[in-house]
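# What the coordinates show
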Amino acid sequence: MDLDEARERARLDWRAGAIFRPVRTGNAFEETVERLLQAIKLGVFGHGDRLPAERELAARLGVSRETLREALRTLQQAGCVEPRRGRYGGTFVTYRMPAPDVADLRRAARDLGGALEDALTYRQVLEVGAAEAAARRELTADQRAHLESRLADLEDAPSEQYRQLDSRFHLAIGELTGSPTLAAAIAEARMRLNDLLNAIPMLDRNIEHAAEQHRAMARAILTGDGDAARRATEEHLAATAALLRAFLA
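One structure accompanies this document, and this report is about it. (Residues numbered from 1 in each chain as written. Predicted model: local features only at pLDDT ≥ 70, side-chain atom pairs only at ≥ 80, totals over all residues. Heavy atoms only, no water.)

### Considering the side chain of aspartate 166
Of note, aspartate 166 is situated in helix H8 (residues 162-176). Residues within four places of aspartate 166 in sequence aside, it is in contact with Leu154, Arg190 and His214. (Helix = DSSP H or I, 4+ residues; strand = E, 2+ residues; numbered from the N terminus. Contact = heavy atoms within 4.5 Å.)

Here it is as structure tokens:
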């Protein structure tokens with residue numbers, strides 16, 4: 001493996017380990033499409049990013065390259081990706097997240113129906129536990145730098161990229177637990193709520209509060225304070241749920 005391949009493998013490990021895991025159902029095509037959409041809609045790969053090489057994705061997902069190509073063709077037809085030829089070619093993300101809209105928020109809430117409170121509770125239990133678990137681990141220098149980088153990206157995010165970079169920050173905490181199962185569950189829980197969270201209007205005061213909470217979460221994890229990580233994450237998720245309910249009232 002040459003240096004460029006090693007760097008690409010390391011990047012994929014960090015950015016998509018929770019999502020690009022082996023397909024385990026009999027519906028390989030459908031689940032492959034689902035995994036790719038998760039990676040795109042959660043911002044693991046944003047607009048203009050090149051997806052990993054087919055051979056790498058197929059190996060990660062445990063599917064044939066033909067199944068992967070069929071899934072990519074489906075996403076191309078949906079306007080989410082496009083293939084490009086040439087030396088710097090590959091499959092590139094073309095999906096753009098819709099602008100926040102209260103009507104979309106209420107529509108997504110109706111689609112979830114009675115499962116909304118269940119989804120919020122499930123997310124809170126997973127992410128609070130993950131933050132505490134990450135704080136209690138002995139993190140490597142690369143792991144610490146990764147979390148700091150995700151936080152910096154979020155704090156510098158333009159409004160149209162904020163929600164996706166917020167997803168990246170939360171997914172990074174799941175990865176730092178060292179539990180692929182927990183990290184995958186966090187990605188799936190976030191996906192259940194993704195349309196709702198993305199539709200919440202961007203309020204300056206709310207973004208300021210969220211930034212303080214994100215810093216507190218990262219600081220607690222980096223200093224190894226599990227109790228503080230739990231408290232900061234509980235506060236942050238409770239605030240998000242409260243804002244969501246306010247717009248749905």
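### Things to note about the pairing of strand S1 (residues 81-84)
Note that S1 and strand S2 (residues 90-93) share four bridges and pair antiparallel. When the sheet's bridge partners are listed, glutamate 82 is paired in S2 with phenylalanine 92. Taking the residues between adjacent antiparallel strands as the criterion, S1 and S2 are bridged by five residues, where glycine 86 takes a positive phi near 105 degrees. (Pairing = 2+ DSSP bridges.)

### Comments concerning helix H6 (residues 115-135)
For an α-helix, the turn length of 3.6 residues means that residues three or four places apart are oriented alike. Its 21 residues give H6 an end-to-end C-alpha distance of 30 Å, which sits within 8% of 30 Å, the value for a rise of 1.5 Å per residue. Within H6, burial applies to Leu116, Ala119, Leu120, Arg123, Leu126, Glu127, Val128, Ala130, Ala131, Glu132, Ala134 and Ala135. Against the buried residues of H6 lie helix H5 (102-112), H8, helix H9 (180-199), helix H10 (204-222) and helix H11 (226-248). (Expected span 1.5 Å × (residues − 1). Buried < 20%, exposed > 50% of the residue type's maximum accessible area, 1.4 Å probe, protein only.)

### Details of the pattern of salt bridges
Taken as a whole and judged by the stated rule, the model has 19 salt bridges. Note that arginine 150 and aspartate 153 form a salt bridge whose closest N and O atoms lie 2.5 Å from each other. Here the residue arginine 150 and the residue aspartate 153 both occupy positions in helix H7 (residues 141-155), the gap between them amounting to three residues, near one helical turn. Arginine 150 gets classed as buried once you look at its relative accessible area, which sits at 12%. On the basis of relative accessible area, aspartate 153 is assigned to the partly exposed category, the value being 27%. (Salt bridge = Lys/Arg side-chain N within 4 Å of Asp/Glu carboxyl O.)

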